[in-house]
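# Remarks on the overall topology
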Amino acid sequence: MQKTNIKQHIVNVASKLFYTQGYNATGINEIIAKSEIAKATLYHHFKSKEDICIAYLEQRHKIFLGALKEFTDKANKGRPQLISIFDYLRNSYREGEFHGCWAIKILSELPPQNQKILTVIQRQKKELLLFLGEVVGDNIANISIAETEKISGGIYLLYESAITETHLHKNDWPIHLAKSLAPSLFAEAQLVN
């Protein structure tokens, strides 16, 4: 296996373990065993479990944001595109292997002093919020920056709570409820067709 392939293989193995069983429950030795590599090989590519975790978060976020943008672009302009994030979430839930938000799962297991991973997660959540702001700006005519932030922030909060509650209840009713509430955030706005 080539050097870049080994590194990616390690991240892929760790990703599945971190997402399904948790960060703290996943040890370096388990990652090594499931990757079928030597300990020296792992440490050649990553200095610590924390570095593997950051690579995992970066990979998941890149795939998620790319897929979300592609999904949103396919939705019709106006109301459908503004609430398409909930359809994306529903599809993700129905595909199986849904264990909630990978970033929040990691965050919940971190000690307060771990600023390195926290900073990565905060940046990624901000990128999602900025993307939602772009969607709002593209679908509502004559909207101010303050109103864009209010609407996109509301959609973001509904989305994040829908993820958590769907994982908690093992049911997609929170997604449907969040989707039904979202249009109230832009009920008086002039939508683009």
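Residues numbered from 1 in each chain as written. Predicted model: local features only at pLDDT ≥ 70, side-chain atom pairs only at ≥ 80, totals over all residues. Heavy atoms only, no water.

### A look at the packing of helix 6 (residues 84–94) against helix 10 (residues 173–181)
Axis separation between helix 6 and helix 10 bottoms out at 9 Å; the angle between their running directions is 175 degrees. Judged by the inter-axis angle, helix 6 sits roughly antiparallel to helix 10. For the pair helix 6 and helix 10, the contacting residues are F86, D87, L89, R90, Y93 and R94 in the first and I175, H176, A178 and K179 in the second. Among the residues making up the contact of helix 6 with helix 10, the classes are represented as 5 nonpolar, 1 polar and 4 charged. (Axes fitted to C-alpha atoms, helices over the stretch in contact; angles between N-to-C directions. Helix = DSSP H or I, 4+ residues; strand = E, 2+ residues; numbered from the N terminus. Parallel < 35°, antiparallel > 145°, perpendicular 65-115°, else oblique. Contact = heavy atoms within 4.5 Å. Nonpolar A, V, L, I, M, F, W, Y, C, P; charged D, E, K, R; others polar.)

### Quick notes on the side chain of D87
Note that D87 resides in helix 6. By relative accessible area, which is 16% here, D87 ends up buried. Residue contacts for D87: discarding those within four places in its chain leaves F71 and K179. (Buried < 20%, exposed > 50% of the residue type's maximum accessible area, 1.4 Å probe, protein only.)

### A look at a nonpolar patch on the surface
Together, W173, L177 and L181 make up an exposed nonpolar region whose accessible area comes to about 280 Å². Within the secondary structure layout, L181 lies in helix 10. (Patch = residues over 30% accessible without salt bridge, like charges linked within 9 Å, V, L, I, M, F, W, Y side chains within 5 Å. Areas by Shrake-Rupley, 256 points an atom, 1.4 Å probe, with all protein chains shown as cover. Salt bridge = Lys/Arg side-chain N within 4 Å of Asp/Glu carboxyl O.)

### Quick look at the confidence of the model for the protein
Across the protein, the average pLDDT comes to 94, with 98% of residues at 70 or higher. Summarising per-element confidence for the protein, the mean pLDDT is lowest in helix 1 (residues 3–21) (90) and highest in helix 10 (98). (pLDDT = per-residue confidence, 0-100.)

### Focus on the pattern of salt bridges
Enumeration over the complete set of coordinates arrives at 9 salt bridges. The partner of E50 in a salt bridge is K116, with the nearest N and O atoms 3.9 Å apart. You can see E50 sitting in helix 4 (residues 49–74) and its partner K116 sitting in helix 8 (residues 115–139), a full 66 residues away along the chain. Since its relative accessible area comes to 45%, K116 is described here as partly exposed. Between K179 and D87 there is a salt bridge, with the nearest N and O atoms lying 2.6 Å from each other. Taken together, the residues span a long stretch of sequence, with K179 in helix 10 and D87 in helix 6 at a distance of 92 residues. Residue K179 is classed as partly exposed on the basis of its relative accessible area, which comes to 25%. Beyond isolated ion pairs, a larger network of salt bridges with shared partners links E50, D51 and K116.

### Structural notes on the nonpolar core
Ranked by internal contacts, the top residues of the largest apolar core, which has 55 residues, are F18, I52, L57, F86, I106, I117 and L128. Among the secondary structure elements, those contributing two or more residues to this core are helix 1, helix 2 (28–35), helix 4, helix 6, helix 7 (102–109), helix 8, helix 9 (145–169) and helix 10. If near-sequence neighbours (up to four positions away) are discounted, I117 is found in contact with Y23, E50, C53, I54, L57, I106 and L110. (Core = buried A, V, L, I, M, F, W, Y, C linked by side-chain atoms within 4.5 Å.)

### Structural notes on the packing of helix 4 against helix 8
Two elements in contact, helix 4 and helix 8, have axes whose closest approach is 10 Å; the angle formed by their N-to-C orientations is 5 degrees. As the angle between them shows, helix 4 and helix 8 are arranged roughly parallel. Facing helix 4, whose interface residues are E50, D51, C53, I54, L57, E58, H61, F64, L65, L68, K69 and T72, helix 8 presents K116, I117, V120, I121, R123, Q124, E127, L128, F131 and V135. The residue inventory of the contact of helix 4 with helix 8, partitioned by class, reads 12 nonpolar, 3 polar and 7 charged.

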